[in-house]
Amino acid sequence: MIEFHDKSIIELYVNGDLKTVAARPADTLLFILRESLGLTGTKNSCGNGDCNSCTVLLDGWPVKSCLMLAVEAVGHEITTIEGLQDVPMQKAFVEKSAIQCGYCTPGMIINSHALTTIYPDASDEIIEEWLESNICRCTGYKEICEAVKSVINM
Amino acid sequence: MITFDFDYYRPDTIEEAINVYKKITGQEKKAIYYAGGTEIVSMSRVNQLSFDSVIDIKAIPECNVIETKDDKLIIGSAVCLTRICDFGGYPLLGAVCRRIAEHTARDMITLGGNILGKIQYKEAILPLLLTDSKVTVAGTAGKSEKPIDRIFNEKPLLNAGELLVNIIIDKKYINNPYSHSKKTKQEKIDYPLVTIASVKNDDEIRIGFSGLCVYPFRLDIIFGNIDNTNPESEINNILNRVPAPIVNDILGSAEYREFVTRNLLIDLFNYYGGMN
Ligand SMILES: Cc1cc2nc3c(=O)[nH]c(=O)nc-3n(C[C@H](O)[C@H](O)[C@H](O)COP(=O)(O)OP(=O)(O)OC[C@H]3O[C@@H](n4cnc5c(N)ncnc54)[C@H](O)[C@@H]3O)c2cc1C
Ligand code: FES
Ligand code: FES
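Residues numbered from 1 in each chain as written. Chains lettered and ligands numbered in written order. Predicted model: local features only at pLDDT ≥ 70, side-chain atom pairs only at ≥ 80, totals over all residues. Heavy atoms only, no water.

Our focus in this paragraph is the sheet that holds strand β3 (residues 53-56) of chain B. Reading across the sheet, the 4 strands line up as β1(A)-β1(B)-β3(B)-β2(B) and stay open at both edges, with mixed pairing between neighbours. At either end of the open sheet lies a strand with only one pairing partner, and these are β1 (2-4) of chain A together with β2 (31-34) of chain B. Sheet twist, expressed as the average angle between the axes of neighbouring strands with direction ignored, equals 15°. Bridging between strand β1 (residues 7-10) of chain B and β3 of chain B involves 3 bridges; their strand directions are parallel. In the sheet register, Tyr 9 of chain B faces β3 of chain B, and the bridge partner there is Ile 55 of chain B. (Pairing = 2+ DSSP bridges. Helix = DSSP H or I, 4+ residues; strand = E, 2+ residues; numbered from the N terminus. Axes fitted to C-alpha atoms, helices over the stretch in contact; angles between N-to-C directions.)

Listed below in structure tokens is the structure:
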């Protein structure tokens, strides 16, 4: 049985590297990624599970890091936006101008990257279902959908 | 940021989970089982919950299984809603889960957490109530199988320390005709104003409601007895049997919820071909 009491040293497997960090069991994964590991690409917005700007991948699946404890991620592979190195989705967002202020963009890209990895032939219905999770207050979703579809059609 | 401190345990077996719960509470401390954690983290953040320890059940194999075995569909309590939708073993449950929250939240929200959480809607319980599902519960006295209404009837009924292990659905209902409709105030993704799920079983239609009252519930009607010439009176009969006051809150007034429910029931009767 894994157990953590008080503030202790935990090991997190982030973007392919094992990171050692001090965390309270009550610390969210979002807090530890940003404040202890300096991975500020993952954004904090609502802090309440509503917007998806804090999305990271846990064993390849999108999760809201604001609703997950850092200790919960011990033993799992975490991928943040910094861990995506020139994946097609990043290029597609630039090429399709799917960005305005950019605040939602890391969450959008990481969710869209997971979508096209898990469903390389995703239908429009699946794309819509996945993108509904991410709130963007600047762009229309048209360019974002086009970016996702351009990766699917590659 | 959660401002209070607590301990974290991740047991590998049911026995470890039950024993650690017993050990913590034996020290006059409060422990809670932790599944998807979405409700626990969001409520703790605003100090609506307090506890000394969480016991994360996601590493317990029995809580993570989703399989068909003989004539049963077995779903572990810690299986997330996305997995249930993707597994596709029970179309009505998939349809209901697919409209709970949104995709990334569904990667985290578990079936057990939806049923046993504090948030009143518990939409995923509707298909389970309609099929007389059973559950496996573990406690200090071991494991036992019970009808679902022994762990939820107006409110969660588990005793302190009891762990919901899995939900067992009889496959005889799984391919029956069904319907599902969720109406929200405005946005597609929101808590329900009213959600109605139904299953036709021979001459009977079992209807589950969420959002109408402060807890989800089931009502049955005998379809053959419905007077097609007087739909209003049939709907009044159903609404007269609603077991608690209709919710009146910021999502919708009681009058509006009743109006929406009436229309959903007309759709439902039309769908099953019983009303002109
Ligand atoms: C963004 C968002 C949107 C939502 N939208 C909807 C919606 O549209 N419809 C709807 O019905 N609900 C909705 N919910 C509510 C959600 O389904 C519940 O909050 C549910 O509790 C979350 O499940 P969880 O696995 O994260 O539970 P947790 O937070 O882990 O636990 C919730 C409670 O259940 C208890 N518990 C969990 N599993 C067990 C078990 N196996 N045995 C004993 N006790 C257990 C825990 O101790 C705790 O008290 C939404 C929640 C969020 C965060
Ligand atoms: S910051 Fe996590 S969902 Fe908004
Ligand atoms: S680009 Fe500004 S919030 Fe999406």
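Once you've had a look at it, read on.
Here the focus is the domain arrangement of chain A. The accessible area lost on association of the parts is a frequent measure of interface size. Residue and element names in this part refer to chain A. Looking at chain A, the domain boundaries give domain 1 (3-81) and domain 2 (88-152). Placing a centre on the C-alpha atoms of domain 1 and another on those of domain 2 gives a separation of 22 Å. Between domain 1 and domain 2, the contact holds 17 residues from the first and 14 residues from the second. Interface area, domain 1 with domain 2, both sides summed: about 1200 Å², of which 68% is carbon and sulfur. Counting the contacts that link domain 1 with domain 2 gives 0 salt bridges. Elements with a minimum of two residues in the side of domain 1 that touches domain 2: β4 (55-58) and β5 (61-64). A per-element tally of the side of domain 1 that touches domain 2 places β4 first, with 3 residues. Classifying every residue of the side of domain 1 that touches domain 2 gives 6 nonpolar, 9 polar and 2 charged. (Domains from an automatic or database assignment. Contact = heavy atoms within 4.5 Å. Buried area = accessible area lost by both parts, 1.4 Å probe. Salt bridge = Lys/Arg side-chain N within 4 Å of Asp/Glu carboxyl O. Nonpolar A, V, L, I, M, F, W, Y, C, P; charged D, E, K, R; others polar.)

Once that is clear, we can look at the pairing of strand β14 (residues 217-222) of chain B. All names here are of chain B. The side-chain alternation of β14 yields one buried face, formed by Phe 217, Leu 219 and Ile 221, and one unburied face, formed by Arg 218, Asp 220 and Ile 222. Taken together, the 6 bridges between strand β13 (residues 204-210) and β14 define a ladder with antiparallel strand orientation. By the bridge assignment for β14, Arg 206 is matched with Asp 220. From the end of β13 to the start of β14, which pair antiparallel, there are 6 residues, and Gly 211 there has a positive phi angle of about 95°. (Buried < 20%, exposed > 50% of the residue type's maximum accessible area, 1.4 Å probe, protein only.)

This next bit is on the environment of Asn 134 of chain A. All names here are of chain A. Looking at the element boundaries, Asn 134 is found in the loop between α4 (124-131) and α5 (142-152). Residue classification places Asn 134 among the buried positions, given a relative accessible area of 1%. Distance from Asn 134 to Ser 53, taken between C-alpha atoms, is 6.8 Å for residues 81 residues apart in sequence. Not counting the four nearest positions on each side in its chain, Asn 134 is found in contact with Cys 51, Asn 52, Thr 55, Gly 107, Met 108, Asn 111 and Tyr 141.

Residue and element names in this part refer to chain B. Residue position: Thr 261 is located in helix α9 (residues 254-271). The exposure class of Thr 261 is buried, given its relative accessible area of 0%. Dropping the residues within four chain positions of it, Thr 261 is found in contact with Val 194, Ile 196, Phe 209, Leu 212 and Leu 239.

What follows covers the pattern of salt bridges. Opposite charge on two side chains permits them to pair, given that their charged atoms come into close proximity. All names here are of chain B. In this structure the tally under the stated criterion is 21 salt bridges over all chains. Where Arg 257 meets Asp 249, a salt bridge forms, and the shortest distance between an N and an O atom there is 3.0 Å. Here the salt bridges share partners, and the residues they tie into one network are Asp 132, Glu 204, Arg 206, Arg 218 and Asp 220.

Residues and elements named next belong to chain A. Across the sheet, 5 strands lie side by side as β3-β2-β6-β4-β5; this open sheet has mixed pairing. Whereas interior strands pair on both sides, the edge strands pair on one side only; in this sheet they are β3 (17-23) and β5. Strand-to-strand, the axes of this sheet are offset by a mean angle of 45°, without reference to chain direction. Across 7 bridges, strand β2 (residues 8-14) lies against β3 in antiparallel orientation.

This brings us to the site of ligand 1. Residues and elements named next belong to chain B. By nearness alone, 31 residues border ligand 1, and Tyr 33, Thr 38, Thr 110, Gly 113 and Glu 123 come closest of all. One of the backbone N or O atoms of Ile 40 is found 3.0 Å from an oxygen atom in ligand 1. Note that a nitrogen atom of ligand 1 is positioned 2.7 Å from one of the side-chain N or O atoms of Glu 123. Protein contacts shield 93% of the accessible area of ligand 1, which totals 960 Å² for the unbound molecule. Contributing elements (two or more residues each) for the shell around ligand 1: β2, α2 (38-45), α6 (111-116) and β10 (163-170). Ranked by the residues each element gives to the shell around ligand 1, the list is headed by α6, at 4 residues. Considering only residue class, the shell around ligand 1 consists of 15 nonpolar, 10 polar and 6 charged. (Near = heavy atom within 4 Å. Polar contact = N/O pair within 3.5 Å; in protein donor to acceptor, adjacent residues only side chain to side chain. Areas by Shrake-Rupley, 256 points an atom, 1.4 Å probe, with all protein chains shown as cover.)

Counting residues at the interface gives 36 residues for chain A, matched by 37 residues for chain B. Carbon and sulfur atoms make up 53% of the surface buried where chain A meets chain B, a total of about 2900 Å² over both sides. Between Glu 102 of chain B and Lys 64 of chain A there is a salt bridge, and its shortest N-O distance comes to 2.6 Å. Our count for the chain A to chain B interface comes out at 24 residue pairs in polar contact (both at pLDDT 80 or more). Contributing elements (two or more residues each) for the side of chain A that touches chain B: β1, β5 and α4 of chain A. The element best represented in the side of chain A that touches chain B is β5 of chain A, accounting for 4 residues. Two strands pair when backbone bridges link them, and β1 of chain A and β1 of chain B are joined in this way by 3 bridges, in the antiparallel orientation. Following the sheet pairing, Glu 3 of chain A is matched in β1 of chain B by Tyr 9 of chain B.

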